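Residues per chain are reported as follows:
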Amino acid sequence: MAPPRILVCGDVNGRLTQLYKRVSTVNKSAGPFDVLLCVGQFFPDSPENNEEFLDYIQGRSQISIPTYFIGDYGIGAPKVLSVVSNDPKSQGFKMDGLRVCDNLFWLKGSGKFTLHGLSVVYLSGRHSLSGQLYGTYSPDDVDALRAWAEEPGVVDLFLSNEWPSGVSNGAVIKEAPPGVSDSSGTDPVISKLAAEIKPRYHFAGTKGVFYSREPYSNLEAKHVTRFVGLAPVGNKDKQKFIHAISPTPASMLSADEMSNRPPNTTLSPYTTVQTTPHAKDAAKRPSNSVDEDQYWRYDVSQKRQRKGPGDGLCFKFISSGNCPRGEKCNYQHDMDAREQCRKGVCIDFIIKGKCEKGPDCSYKHSLADKDDKIVQKSQRTERSKECWFCLSSPNIEQHLIISIGESYYFALAKGPLVDDHILIIPIEHLPNTVYEDPNSEIELEKFQNALKMYFKEQGKQVVFFEWVFKHGTHANLQAIPIPLSKSALLPKLFNMAAGKLGFNFVSLKSDKSSEGRKSLREQVDRKSSFFYVELPDGTILSHPVEDNEKFPAQFGREVIAGLLDKATKADWRNCKLSKDEEIIMVDDFKRKFQMFDPTL
């Protein structure tokens, strides 16, 4: 099979007519090409280009080649991309591009997928702390790429908008127009990702120039990397904005072929990019600012900071206990911090002294005592005071409570996916609902059966799911009603979503919920993390989650949001209601549920 033929271009800036005219010319002389990849800003940079751009988006002009883009910012980007995001066909874990129109696909956030046999990873958007909905990448996007970098196999292509810092290795960029420096338009986060991902090719835009670097070697890898920065489409200096490659996928190359190094191969330009700022530079930084390196390594708080090289904590070491850089790492391998992490303390809390995730965070927000046995009771008391779900906690929102039993209570979900989105919560401060005593299990089954009967009267079925985190605080079993017409799709969607994340569910079938949960207890390790969902037909799908596995905390909700065509509600924070609205919903549910309530 012939290697795929790929075109890559720089900032499009909405100039699609000029771009596809050039693509047509290249196709006639050296094609045909299979796909076009766009890095840098894709949307118009001025109102003058918007009408031309929309002609393609709205189908009045045709896109001649499958085109994938990552520069999701510019004039009109929020309007176009919000429509794409809300399209039911865009729901689920689609890392291989969301369809904008015929032959045009948006690579959103970050992801990894296979394109014509090539392994492709991407980071969409620019480095920004503004919290924009589109056009910027998040720390979660970076974390996801770091996780994929640790997977076996070689990445063929890495696409980023901005250049990595230091990639020119001090060289003069002869093609650069006056006033463009080597440091402008670069991002140190991209440098660090490139150093870990070790792609065979790395393409970027946004800097306004064309630059093809000599191949460079990678630490702990046999293959070399080629970096190419591309100029904008139609730039005045007539610098190269489109580049063609035809690489054989790494998966099809032999070890000898992979280790072949051209004579002009240089050392990696990223061996020195992970340096720590000098103290005087740190002093100039405002206390409420976020350092660029916090996307990569957290800054240690002043209370825990040590003098000397490596004034930050190594996130890799704290989270996994192992750092591949060993003694060469520029950050602290702090055993005390690692031990706190092992005891379930939030890393943000360890390093920053606070956590902004609120109820989404499943970690402890207080340092664990060295002698856990002595302070176990006092810790439970402290946790219950801070917990969002403990009935004795001042933080609990009592107006959300619907019904209280002996071991469990019902509450309306905060930021509900649908109006009758319910949480079944143990009264005791427990990390999960799976390993309960027999009496509590009986009451839980009564609550579940009551919900099943209640929703059956409405022509619906109910799905239960729980994310069991081994360092979890207070458990909650989520219950969401599903229309009968869509319930049959649940197994397929959950299994598809699992496949996107690279795992397969373990399926347990039982006629009774209690029997299914008993089988679940026999299948999973109570000291491990796992996710499970109870489907309406009695099937339980479970997945044990490894310590180093990047598993989405909102996985169950995201899948069901896709099923119900409510993609914008996949995150509970997008569904916040006023207290008055919540009270109305709770009162309405209480009234309708009264005849089914097992506590009455």
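Computed from a predicted structure; not experimentally measured.

## Structural notes on the overall build of the chain
Thinking step 1. Along the backbone of the chain there are 17 helices and 25 strands.
Thinking step 2. The proportion of buried residues among the 600 residues of the chain is 50%.
Thinking step 3. When the accessible surface of the chain is summed, it comes to about 29200 Å², and 49% of that surface belongs to carbon and sulfur atoms.

## Topic: the pattern of salt bridges
Thinking step 1. Under the definition given, this model contains 14 salt bridges.
Thinking step 2. Residue arginine 146 pairs with glutamate 196 through a salt bridge whose shortest N-O separation is 3.9 Å. Here arginine 146, found in helix H4 (residues 139-149), pairs with glutamate 196, found in helix H5 (residues 188-197); they are 50 residues apart in sequence, far enough to count as distant. Note on accessibility: arginine 146 and glutamate 196 belong to one class, buried.
Thinking step 3. Note that lysine 592 is salt-bridged to aspartate 588, the shortest N-O span being 3.3 Å. You can see lysine 592 and its partner aspartate 588 sitting in helix H17 (residues 579-593), 4 residues apart, about one turn around the helix.
Thinking step 4. The exposure class of aspartate 588 is partly exposed, given its relative accessible area of 26%.
Thinking step 5. Here the salt bridges share partners, and the residues they tie into one network are Glu441, Arg517, Arg521 and Glu534.

## Focus on unusual backbone geometry
Thinking step 1. Here the bond from glycine 31 into proline 32 is cis, since omega is 5 degrees, no more than 30 degrees from zero.
Thinking step 2. The topology assignment puts proline 32 in the loop between helix H1 (16-30) and strand E2 (35-38).
Thinking step 3. Unlike most non-glycine residues, histidine 116 shows phi in positive territory, near 50 degrees.
Thinking step 4. Along the chain, histidine 116 falls in the loop between strand E6 (110-115) and strand E7 (118-123).
Thinking step 5. Positive phi outside glycine occurs at lysine 198, with the angle close to 55 degrees.
Thinking step 6. Mapped onto the elements, lysine 198 comes out in the loop between H5 and strand E13 (201-204).

## Considering the packing of aromatic side chains
Thinking step 1. Using the criterion set out here, one finds 37 aromatic pairs in the structure.
Thinking step 2. Among the aromatic residues, those joined into a cluster by ring pairs are Phe465, Trp467, Phe469, Phe494, Phe503, Phe505, Phe531, Phe551 and Phe555.
Thinking step 3. Note that arginine 5 overlies the ring of phenylalanine 33, its terminal NZ or CZ placed 4.9 Å from the centroid.
Thinking step 4. It is arginine 126 that lies over the ring of tyrosine 73; its NZ or CZ is 3.8 Å from the centre.

## Things to note about the environment of aspartate 34
Thinking step 1. You can see aspartate 34 is positioned in the loop between H1 and E2.
Thinking step 2. Looking at aspartate 34, the relative accessible area reads 29%, which means it is partly exposed.
Thinking step 3. Aspartate 34 sits 33 residues away from threonine 67 along the chain, and the two C-alpha atoms are 9.5 Å apart.
Thinking step 4. Setting aside its immediate chain neighbours within four residues, aspartate 34 contacts Pro4, Arg5, Ile65, Pro66 and His116.
Thinking step 5. Within the structure, the side chain of aspartate 34 is placed 2.8 Å from the backbone nitrogen of arginine 5, a separation counted as a polar contact.

## Describing the sheet that holds strand E24 (residues 529-534)
Thinking step 1. Sheet architecture is open: 8 strands sit in the order E18-E19-E20-E22-E21-E24-E25-E23, paired in antiparallel fashion. Each edge of the open sheet is held by one strand with a lone partner, namely strand E18 (401-404) and strand E23 (506-509). When strand polarity is set aside, the average angle formed by the axes of neighbouring strands in this sheet is 20 degrees.
Thinking step 2. As paired strands, strand E20 (residues 422-426) and strand E22 (residues 477-483) are joined by 3 bridges and run antiparallel to one another. Considered in E22, the bridge of isoleucine 424 is made with leucine 477.
Thinking step 3. Its contacts with the sheet place helix H12 (residues 438-456) against E18, strand E19 (408-412), E20, strand E21 (460-468), E22 and E24, and it is angled at close to 145 degrees to E21.
Thinking step 4. Set on the sheet, helix H16 (residues 555-563) makes contact with E21, E22 and E24; between it and E21 the angle comes to about 155 degrees.

## Section: the state of the cysteines
Thinking step 1. Applying the stated rule across the entire model yields 0 disulfides.
Thinking step 2. In this model cysteine 9 remains outside any disulfide bridge; the closest cysteine sulfur is found in cysteine 38, 3.4 Å from its own.

## Regarding the confidence of the model for the chain
Thinking step 1. Chain-level statistics for the chain give a pLDDT mean of 80 and a share of 78% at 70 or above.
Thinking step 2. When mean pLDDT is compared element by element in the chain, E2 scores highest at 98, while helix H7 (residues 279-284) scores lowest at 37.
Thinking step 3. Scored below 50 in pLDDT, residues 272-311 shows 78 contacts in the model against residues more than four places distant or in partner chains.
Thinking step 4. Ignoring residues within four places in sequence, the model shows residues 370-384, a span with pLDDT below 50, making 13 contacts including any to other chains.

## Section: the sheet that holds strand E4 (residues 98-101)
Thinking step 1. The mixed open sheet is built from 6 strands, whose spatial order is E4-E5-E3-E2-E1-E17. The outermost strands of the open sheet, each flanked by one partner alone, are E4 and strand E17 (242-245). The average angle at which neighbouring strand axes cross in this sheet is 25 degrees, direction not considered.
Thinking step 2. Examined bridge by bridge, E2 and strand E3 (residues 67-69) share 3 bridges and lie parallel to one another. Across the sheet, cysteine 38 pairs through a bridge with phenylalanine 69, a residue of E3.
Thinking step 3. Against the sheet, H1 contacts strand E1 (6-9), E2, E3 and E17, and its axis sits at roughly 140 degrees relative to E2.

## Quick notes on the packing of H12 against H17
Thinking step 1. With their axes 11 Å apart at the nearest point, H12 and H17 run at an angle of 90 degrees to one another. As far as their axial angle goes, H17 and H12 are roughly perpendicular. Where H12 abuts H17, its residues Ala450, Leu451, Tyr454 and Phe455 lie against Phe589, Lys592 and Phe593.
Thinking step 2. Across the contact of H12 with H17, the residue classes break down as 6 nonpolar, no polar and 1 charged.

## So, the nonpolar core
Thinking step 1. By size, the foremost hydrophobic cluster in this structure holds 44 residues, and its most contacted members are Leu37, Tyr68, Leu157, Phe158, Leu159, Leu193 and Phe203.
Thinking step 2. In this structure, Leu16, Val23, Tyr56 and Leu98 belong to the second largest nonpolar core, which totals 32 residues.

## With respect to the side chain of arginine 213
Thinking step 1. Relative to the helices and strands, arginine 213 resides in the loop between strand E14 (211-212) and strand E15 (216-217).
Thinking step 2. Only 2.8 Å separates the side chain of arginine 213 from the side chain of threonine 266, close enough to count as a polar contact.

What counts, and at which threshold
- Residues numbered from 1 in each chain as written.
- Predicted model: local features only at pLDDT ≥ 70, side-chain atom pairs only at ≥ 80, totals over all residues.
- Heavy atoms only, no water.
- Helix = DSSP H or I, 4+ residues; strand = E, 2+ residues; numbered from the N terminus.
- Buried < 20%, exposed > 50% of the residue type's maximum accessible area, 1.4 Å probe, protein only.
- Areas by Shrake-Rupley, 256 points an atom, 1.4 Å probe, with all protein chains shown as cover.
- Salt bridge = Lys/Arg side-chain N within 4 Å of Asp/Glu carboxyl O.
- Phe/Tyr/Trp six-rings, centres within 6.5 Å; stacked < 30°, edge-to-face > 60°.
- Lys NZ or Arg CZ within 6 Å of the ring centre and 35° of its normal.
- Contact = heavy atoms within 4.5 Å.
- Polar contact = N/O pair within 3.5 Å; in protein donor to acceptor, adjacent residues only side chain to side chain.
- Pairing = 2+ DSSP bridges.
- Axes fitted to C-alpha atoms, helices over the stretch in contact; angles between N-to-C directions.
- Disulfide = S-S within 2.5 Å.
- pLDDT = per-residue confidence, 0-100.
- Parallel < 35°, antiparallel > 145°, perpendicular 65-115°, else oblique.
- Nonpolar A, V, L, I, M, F, W, Y, C, P; charged D, E, K, R; others polar.
- Core = buried A, V, L, I, M, F, W, Y, C linked by side-chain atoms within 4.5 Å.

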